[in-house]
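These are the residues of each chain, in order.
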Amino acid sequence: MDHRWQPRAPWPRDLVRPVPVDPAGVAGPTKRQAAGPYWRRTSSGLHVPVDTDRDRVEQRVLEQSLRLPPGGAVTGWAACRVHGAAFFDGLARDGRSRLPVPLAVGPAGRVRTGPEARTVHHVLLDEDRVVRHGVPVVVAGRAAYDAVRLAPDPRAAVVSLDMALAARIVTLDELVAYAARQPRDRRLVLRAARLSSPHSRSPRETELRLVWLLDARLPPPLVNGEVRDRDGRLLGIADLLDVDAGLVVEYDGADHRSGRRQAADLRREDDLRRVGLEVVRVAGADERDRVVRRLHEARARCRFEAPDQRRWVAVPAR
């Protein structure tokens, strides 16, 4: 896959677990050392060496998990990351702002948090809690459920669900079944499920699909399906494919800017156009209204050929 991340992320083995003060200075810093320049306080009574990477998402999750009260668990986007979902990087859509780590503490649970953590006062059953890599987390289904319902807006909720599906930490059927048993917020989650796709390969691809569906109001496209010629030769994998119209929509992210990648994109576009497909490319900086206009204009140029007249064949993603 040519995206910045693979959908799965192995848990690193070199994280630094915070330690309490040790008067002997063996298992941890002495009180004087902890107050000095070589140690960083992570939470009440716990410290790591100052050169520990505080921006590393897994390190952040580990540090904040030690704030949990007994019976609590990391949840939401952070639990998805612990379960191996790579696109949950702990950053907001701007790619810079850090998201607080969600800590599920139950309806009556209390924990002192700050900008690095937020509490989630939702019923937490014992069956929803596991320990992975030494971190108490909710099970994968609950992690995806909370990532969706705690998302800042409905479109971000669909992005979260798509990325959980891409990482295969949960299936759509499993999430829908889990949501059906929940007393609140299930409508939001089920609404996201209706708009989701297990075949999206990046958050920006999902956002583009939502513009296609919700703003351009076009029929559901094929997501990351293969396009082949009549001899079976692979012409490309389309981010979005309007099969009826014969329209391929491609999202050009930062990974498309290298000379080699641009050359490959142009060759693929030539191959697709040669068999009668229309191709439109969308960049991350494009305004939503402009994207909608370009989609409609491109679709108006399409051939709308009958299946037996096409020189191409669409193969849905498995």
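The structure we're discussing is the one just above.
The next subject is the pattern of salt bridges. Scanning the model with the defined rule gives 27 salt bridges in all. In this structure, Arg142 engages Asp146 in a salt bridge whose closest nitrogen and oxygen atoms are separated by 2.9 Å. Remark: Asp146 and Arg142 occur in helix H4 (residues 140–149); sequence separation between them is four residues, near one turn of the helix. The same class applies to Arg142 and to Asp146, which are both buried. Among the ionic pairs, Arg299 bridges to Asp242, the shortest N-O distance being 2.5 Å. Taken as a pair, Arg299 in helix H10 (residues 288–300) and Asp242 in strand E10 (residues 234–242) lie far apart in primary sequence, 57 residues in all. Asp242 shares its class with Arg299; the two are buried. Taken together, the salt bridges that share partners define one network made up of Asp252, Glu269, Arg273, Glu278, Arg281 and Arg301.

The next thing to look at is helix H6 (residues 172–180). What H6 keeps buried is the set Leu175, Tyr178 and Ala179. Looking straight down H6, one finds its buried side chains confined to an arc of 100 degrees; they lie on one side. In this structure, the buried residues of H6 make contact with H4, helix H5 (154–166) and helix H7 (186–195).

As a further point, take the sheet that holds E10. In a beta sheet, neighbouring strands pair by backbone hydrogen bonds and run either parallel or antiparallel. Strand order in the open sheet made by the five strands is E12-E11-E10-E9-E13, with mixed pairing throughout. With partners counted over all chains shown, the strands left at the sheet margins are strand E12 (278–283) and strand E13 (312–315), one partner each. Within this sheet the neighbouring strands show an average axis-to-axis angle of 45 degrees, counted without direction. Sheet topology places strand E11 (residues 247–252) next to E12; six bridges connect them, and they run parallel. By the bridge assignment for E12, Val249 is matched with Val280. Along the sheet face, helix H8 (residues 203–215) touches strand E9 (222–229), E10, E11 and E12 and points at about 135 degrees away from the line of E11. Contacts from H10 reach E10, E11 and E12 within the one sheet, and its direction differs from that of E12 by about 175 degrees.

For the rest of this paragraph, the subject is unusual backbone geometry. With the exception of glycine, the majority of residues adopt a negative phi angle, and the majority of peptide bonds are in the trans configuration. If you check the backbone angles, His133 has positive phi at about 55 degrees while not being a glycine. Locating His133 in the fold gives a position in the loop between strand E7 (129–132) and strand E8 (135–138). You can call His133 partly exposed: its relative accessible area is 40%. Even without glycine at this site, Arg217 takes up a positive phi of about 55 degrees. Structurally, Arg217 can be placed in the loop between H8 and E9.

Attention shifts here to the layout of surface pockets. Where empty space is left can be seen by rolling a probe of water-molecule size over the atoms. The calculated volume of the second largest pocket comes to roughly 510 Å³. Considering the residues around the second largest pocket, the lining is formed by 19 residues, among which Arg168, Pro198, His199, Ala317 and Arg318 are closest to the centre. Of all the elements in the fold, those that place two or more residues in the lining of the second largest pocket are H5 and E9. The residue makeup of the lining of the second largest pocket, split by class, is eleven nonpolar, four polar and four charged.

Conventions and cut-offs
- Residues numbered from 1 in each chain as written.
- Predicted model: local features only at pLDDT ≥ 70, side-chain atom pairs only at ≥ 80, totals over all residues.
- Heavy atoms only, no water.
- Salt bridge = Lys/Arg side-chain N within 4 Å of Asp/Glu carboxyl O.
- Helix = DSSP H or I, 4+ residues; strand = E, 2+ residues; numbered from the N terminus.
- Buried < 20%, exposed > 50% of the residue type's maximum accessible area, 1.4 Å probe, protein only.
- Arc of directions from axis to C-beta.
- Contact = heavy atoms within 4.5 Å.
- Pairing = 2+ DSSP bridges.
- Axes fitted to C-alpha atoms, helices over the stretch in contact; angles between N-to-C directions.
- 1 Å grid on protein atoms, 1.4 Å probe; cavity = no way out; pocket = protein on both sides within 12 Å on 5 of 7 lines; lining within 4 Å.
- Points joined across faces, edges and corners; volume = space filled by probe spheres on them.
- Nonpolar A, V, L, I, M, F, W, Y, C, P; charged D, E, K, R; others polar.

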